[in-house]
Amino acid sequence: ESLQNSYRSLFKYKKVLGWDYQVNNATTASLGVLVAPLSWQPSQKLKAVPLFKANWGNAFVNAGAGAIFTLGIFEQNQRSTLWNARVSKGDGGFEQEKEWFLFAQPEWTWQQYNATLQGVKNASAGNAILADPMPWVFQQSIGLCYAKKATSIKAAWVYQSRETKTQVGTQQYLSLQFNWRF
């Protein structure tokens, strides 16, 4: 709350009301799996990677499928900045001196439980305003990645369909990520 209020004050935004109705903080535990096998790479500059994921715990119960399409210069999946896996600060045995590519990631997620909407299972909801999740959520990310030696940058525009029937509209936001390894 204090961080959000400081940020809004700095940029002269209106103060947010309703902090008394937010979902309470709670300890969560989850088990998740993500499988992303390389399945199609017709050239050195283009590849498609299917995605399959599942989460189970007291915060999220969901499963999803999608794909990532990349165009440009990239490493193998297990060493790519796309997955935040370019962890070496030196040359690290990479096949490419740098990564520089565009990506698109459409994804469908089935939600059975979502603590950001329903509160954490077996935890007090307090005064929180809760809602049941939509069973299916679509998300589309489009962005670019750049990495060289110890630095990587990822920027993406993200569109997400409504997560609950009571949500007024869809969500769109910009995701920015900067990594520097030392």
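As shown above, the structure is provided for reference.
To start, this report covers the structure provided alongside it. It should be emphasised that the depicted structure is a prediction, and the values quoted were computed from it without experimental measurement.

## Considering the overall build of the protein chain
Helix and strand content of the protein chain: two helices and eight strands. Each principal axis of the C-alpha distribution contributes one length, and for the protein chain these read about 55 × 40 × 30 Å. Looking at the protein chain residue by residue over its 182 residues, the buried ones come to 32%. Long-range contacts, defined here as pairs at least 24 residues apart, represent 57% of the contacts in the protein chain between residues at least 6 apart. Total accessible area on the protein chain stands at roughly 11800 Å², and carbon and sulfur atoms take up 58% of it. Positive and negative charge centroids in the protein chain, built from 18 and 10 side chains respectively, lie 4 Å apart.

## Some points on the environment of Trp-157
On the secondary structure map, Trp-157 appears in strand S7 (residues 151-160). Take Trp-157: its relative accessible area is 35%, and that puts it in the partly exposed class. Here Gln-172 takes part through its side chain, which lies 3.2 Å from a polar atom of the side chain of Trp-157.

## Points about the pairing of S7
Burial along S7 is one-sided: the residues Ser-152, Lys-154, Ala-156, Val-158 and Gln-160 are buried and none of Thr-151, Ile-153, Ala-155, Trp-157 and Tyr-159 is. Where strand S6 (residues 136-148) and S7 come together, 10 bridges link them in antiparallel fashion. Within the sheet, the bridge partner assigned to Ile-142 lies in S7 and is Trp-157. Between S6 and S7, which pair antiparallel in sequence order, lie two residues; one of them, Lys-149, sits at a positive phi of approximately 50°. Bridging between S7 and strand S8 (residues 171-180) involves 10 bridges; their strand directions are antiparallel. Looking at the pairing, Ala-155 lines up with Leu-176 of S8.

## Topic: the side chain of Gln-105
Relative to the assigned elements, Gln-105 resides in strand S5 (residues 98-114). For Gln-105, a relative accessible area of 18% puts it in the buried group. A polar contact of 3.0 Å, which involves the side chain of Gln-105, links it to the side chain of Glu-107.

## Observations regarding the nonpolar core
In terms of nonpolar packing, the biggest core is built from eight residues, these being Leu-51, Ile-68, Phe-74, Leu-82, Phe-101, Phe-103, Cys-145 and Ala-156. Those residues in contact with Leu-51 that sit more than four places away from it in its chain are Leu-34, Val-35, Ala-36, Gly-64, Ala-65, Gly-66, Ala-67, Ile-68, Trp-83, Gln-105 and Glu-107. Residues Val-61, Tyr-113, Ala-115 and Val-120 belong to the second largest nonpolar core, which totals five residues.

## With respect to the environment of Ala-147
Tracing the backbone shows Ala-147 in strand S6. A relative accessible area of 0% means that Ala-147 is categorised as buried. Separated by 67 residues in the primary sequence, Ala-147 and Ser-80 have C-alpha atoms spaced 8.7 Å apart. With near-sequence residues (within four places) excluded, Ala-147 lies in contact with Thr-81, Arg-86, Glu-97, Lys-98, Glu-99 and Ser-152.

## Overview of unusual backbone geometry
Phi angles above zero are rare outside glycine, and Lys-12 is one such case at about 60°. Within the secondary structure layout, Lys-12 lies in the loop between helix H1 (2-10) and strand S1 (30-35). Residues other than glycine seldom take positive phi values, yet Lys-149 does so here, at roughly 50°. Here Lys-149 lies in the loop between S6 and S7.

Each value, and the rule that gives it
- Residues numbered from 1 in each chain as written.
- Predicted model: local features only at pLDDT ≥ 70, side-chain atom pairs only at ≥ 80, totals over all residues.
- Heavy atoms only, no water.
- Helix = DSSP H or I, 4+ residues; strand = E, 2+ residues; numbered from the N terminus.
- Buried < 20%, exposed > 50% of the residue type's maximum accessible area, 1.4 Å probe, protein only.
- Contact = heavy atoms within 4.5 Å.
- Areas by Shrake-Rupley, 256 points an atom, 1.4 Å probe, with all protein chains shown as cover.
- Lys, Arg positive; Asp, Glu negative; His and termini not counted.
- Charge placed at Lys NZ, Arg CZ, Asp CG, Glu CD.
- Polar contact = N/O pair within 3.5 Å; in protein donor to acceptor, adjacent residues only side chain to side chain.
- Pairing = 2+ DSSP bridges.
- Core = buried A, V, L, I, M, F, W, Y, C linked by side-chain atoms within 4.5 Å.

Geometry only, nothing functional implied.
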